[in-house]
Amino acid sequence: MKQKKGTENVLGLTLDMRMLEKEKLHGSLELKTDALRKMDSLMLLQLNYVQITGSYKNFPEGLRWLCMHGFPLKSIPSDLPMENLVALDMSYSNIESFGSCYSYPRQLHKRLKQLTGWWSKDKRLLGSLKILNLSFCEQLRSLGGFDHLPKLERLILRGCIGLLDVCESIEQCFELVLIDLSYCNKLEKLSRSLHMLKKVKTLLLNGYYLGESQIKIRDMDSLGMLKANNIGINTITSSSVIQEVIPRDLKLFAVALPKYLVSLSLKNNNMSTESFPVDFSCLSMLKELYLDGNPTVCLPNCVRSLPRLETLSMKDCNMLTTVEHPPHTLTYLDLSFDSNKPLLRRVVFDPEMSPLCFIINWKMLTSSSFEIQGLIKSQPMSNVSEKVLRSLGWSKLNFLNARFVKTDVFFGGSEESEIQMYYEFGIFSIIYGHEEMPDWIMDRSTGPSTSFTIPSSPNNLTGLNFCYILTSPFPDERFGFGDDVYLRLPVIIINNITKKHTWIYEHNIDSVLYEGGKCLMFLSHWMFGMNDMESGDHITVSVMELVGGAFFSSTASKKPCHFTKECGVSFVYDNESKDVEEDALGYYKSWNHIIGGDLTGFQSTTGEYILSKRRILLPYIDMFLLNFNQFCGEGARFKDDQVHFKAFSQRKSDVAEDGT
């Protein structure tokens, strides 16, 4: 290129100064445009952070893609041939304006163009352009001239922090399908013409701080009227709501979103719950909505009005406390976060919800009260109704002298609370410091396992109670936690040898810290039905330590984490009267992923059911099954690649939640 011997055989050329090591450069490197004069076939050209000298008219006229990051000039040279350009990328450049933006009435502007003749002269300037990328052009102030871009499909202005105005001529871009205005923090108004763009499917407004913005009204008197009436209208307020609150003579100035949007991103917009519009029904085609990083405390009502929504992301919404009744059409829901002290306590689904990929952090599953319908529920024992306890076969549970414990969920931080009732996979459980099992646990065995045959009964078996007592094998060792004894909860394995069914249960709580106590009691109720357990079935129940990957496991410490002092079982049968207490567990039985329900995503190729929260929370990861291989057949893997989460069972979806 220094010798200007470029040939017409060259189709593509790239020179990126940021990729060159500084120590290898000797003086400044310039590109003289004469070097491109003979490259008549050049179609793809990238000159990033290159010092260019010479006339731009020497650029090949056949260019289709031109990328010049870090372009130093304040405007695009008028002699640069761009008639055939399909894609123009001027990101990180110093340009201050692009095109011409008018403030005259539209009819007058059109007449001026006809009179001056420059419309016909420049009509072909960028007539082929489909992609315009001016991202991170921090000096860019205004953007217009869209009437010269009839084929534009993608407009990318991400990070243009100095951008003040996008011209209303954007409505002339009938082919636009994507607009990215993310982090254009100084943009004073969104063009009221956006709603005229019928082909726009994706709109990215990340970091636009819509929570502090209001619709801009050009008529100052009109704006004063809105303020006087205490009307605060959000920039993304839907057209239907705008029609209700803005006087008729001001409706032309209202901003509305393109009604044919398929994807809308409003990440990091500082939008509180009150900032969202009342209704999103105008966006009837929307399938993807991204609200990540906003300080909303609950699911905005407007989201529920989206009839086709499939993807909803609320990552890092660290103020979020409840998500109730998201659209039942969802197939992907992301509620993950980076907060060490999550506030989210309740997720509620519609019974008609579609199976979905559900992403949420383990840290949310703390020991205090919370519920994710269909996955797990935790509540203080003091709030559990007597009819539920009777249905579980639990009686004479005296907690007055019981010791509370501190619980830990996957290093989420230990937390002490009153004794909690946990429910997951059709299994109820409580954990507290105590040395004796309830006296109604009749069938007891010393050690970590028990074996029995289910006795015959005139009534149907509805559940099995299993209890075990743990003690530290090294009571004088405190494992670095002062006076606290650290015990990791073991895995419970129930094997119906007769029916060849095996359930391997890893509790939601990973580990327990308790002070000064000698023993820890775990009491659980398993909601088995007649198809899972029948009289005459031979059953074994074992309490075993999870070795692979376990914190303070025997693999890591060369010592057992706990010692099972005793375990025992009792049976729960239905009663012939089938009175109101039969419905006490109806809400819990309506969950989908429970024993007797849909556990296909939890079954291994060797037949065992792995009942672990991690299977849902990490739906695409099969590695954690390696931790359970010690309990499964050789070479076990999950039958399905992922769990399609569904909160309620179809056959019981009409069951309402019990008030407990």
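Computed from a prediction, not measured in an experiment: that's the story for all the values here.

Novice: I would appreciate a short explanation of the sheet that holds strand E11 (residues 165–166) in the present structure.
Specialist: In a beta sheet, neighbouring strands are held together by backbone hydrogen bonds and run either parallel or antiparallel to one another. Taken in spatial order, the three strands make up an open sheet running E7-E9-E11, and their pairing is parallel. One side of each edge strand has no neighbouring strand; the edge strands of this open sheet are strand E7 (97–98) and E11. Examined bridge by bridge, strand E9 (residues 142–143) and E11 share two bridges and lie parallel to one another. When the bridges of E11 are listed, leucine 143 appears paired with valine 166.

Novice: Would you mind going over the nonpolar core with me for this structure?
Specialist: Core analysis: the largest hydrophobic core is formed by 158 residues, its most contacted members being Phe59 and Trp526. Here the element with the most residues in this core is strand E29 (residues 461–471); it accounts for seven residues. Other than its neighbours up to four places away in sequence, phenylalanine 59 contacts Thr33, Leu36, Leu45, Leu47, Ile52, Leu66, Met68, Leu80 and Pro81. Counting ten residues, the second largest nonpolar core, distinct from the first, contains Ile493, Cys632, Ala636 and Phe638.

Novice: What's the story with the pattern of salt bridges in this structure? I'm lost.
Specialist: When the charged atoms of two side chains with opposite charge come close together, those side chains can pair. Inspection of the entire model under this criterion finds eight salt bridges. As a salt-bridge pair, lysine 267 and aspartate 292 come within 3.9 Å of each other at their nearest N and O atoms. With lysine 267 in the loop between strand E14 (263–265) and strand E15 (288–290) and aspartate 292 in the loop between E15 and strand E16 (311–313), the pair connects residues that are 25 residues apart, well separated along the chain. For lysine 267, a relative accessible area of 26% corresponds to the partly exposed category. Aspartate 292 gets classed as buried once you look at its relative accessible area, which sits at 9%. Because the salt bridges share partners, they merge into one network encompassing Glu324, Arg346 and Glu371.

Novice: Would you mind going over the pairing of strand E3 (residues 44–48) with me for this structure?
Specialist: Each regular strand shows side chains that alternate between the opposite faces of the sheet. Most of E3 is tucked away, with four of its five residues classed as buried. Pairing of strand E1 (residues 12–16) with E3, which is carried by five bridges, proceeds in the parallel orientation. Paired with leucine 13 across the bridge in E3 is leucine 45. When E3 meets strand E5 (residues 65–67), the two strands line up parallel, connected through three bridges. Bridge assignment links glutamine 46 to a residue of E5, and that residue is cysteine 67.

Novice: Where do I start with the environment of valine 569 in this structure?
Specialist: Along the polypeptide, valine 569 turns up in strand E36 (residues 563–573). For valine 569, a relative accessible area of 1% corresponds to the buried category. Taking the C-alpha atoms as reference points, valine 569 and threonine 450, separated by 119 residues in sequence, lie 8.4 Å from one another.

Novice: Looking at this model, I keep getting lost on the side chain of asparagine 48. Mind explaining?
Specialist: Turning to its location among the elements, asparagine 48 is positioned in strand E3. With residues up to four places along the chain from it excluded, the contact list for asparagine 48 reads Leu15, Asp16, Met17, Cys67, Met68 and His69.

Novice: Even after reading the chapter, I still don't get the packing of aromatic side chains, so can you show me in this structure?
Specialist: In this description, a pair of aromatic rings is defined by centroid distance and the angle of the planes. Here the structure, examined in full by the defined rule, presents 20 aromatic pairs. Geometrically, the ring pair formed by tyrosine 505 and tryptophan 526 is edge-to-face, given 5.6 Å between the ring centres and 85° between the ring planes. Of this pair, tyrosine 505 sits in strand E32 (residues 501–505) while tryptophan 526 sits in strand E34 (residues 520–526), placing them 21 residues apart in sequence. In terms of burial, tyrosine 505 and tryptophan 526 fall into one category: buried. Measuring from ring centre to ring centre gives 6.0 Å for tyrosine 587 and tryptophan 591, while their planes differ by 85°; the resulting arrangement is edge-to-face. Given the relative accessible area of 1%, tryptophan 591 is considered buried. Here the aromatic cluster, defined as three or more aromatic residues joined through ring pairs, consists of Tyr423, Phe428, Tyr587, Tyr588, Trp591 and Phe648. One Lys or Arg, arginine 18, reaches over the ring of tyrosine 49 and ends 3.9 Å from the middle of that ring. Between arginine 615 and the ring centre of phenylalanine 638, over which it is positioned, the NZ or CZ distance is 3.8 Å.

So, how was this worked out
- Residues numbered from 1 in each chain as written.
- Predicted model: local features only at pLDDT ≥ 70, side-chain atom pairs only at ≥ 80, totals over all residues.
- Heavy atoms only, no water.
- Pairing = 2+ DSSP bridges.
- Helix = DSSP H or I, 4+ residues; strand = E, 2+ residues; numbered from the N terminus.
- Core = buried A, V, L, I, M, F, W, Y, C linked by side-chain atoms within 4.5 Å.
- Buried < 20%, exposed > 50% of the residue type's maximum accessible area, 1.4 Å probe, protein only.
- Contact = heavy atoms within 4.5 Å.
- Salt bridge = Lys/Arg side-chain N within 4 Å of Asp/Glu carboxyl O.
- Phe/Tyr/Trp six-rings, centres within 6.5 Å; stacked < 30°, edge-to-face > 60°.
- Lys NZ or Arg CZ within 6 Å of the ring centre and 35° of its normal.

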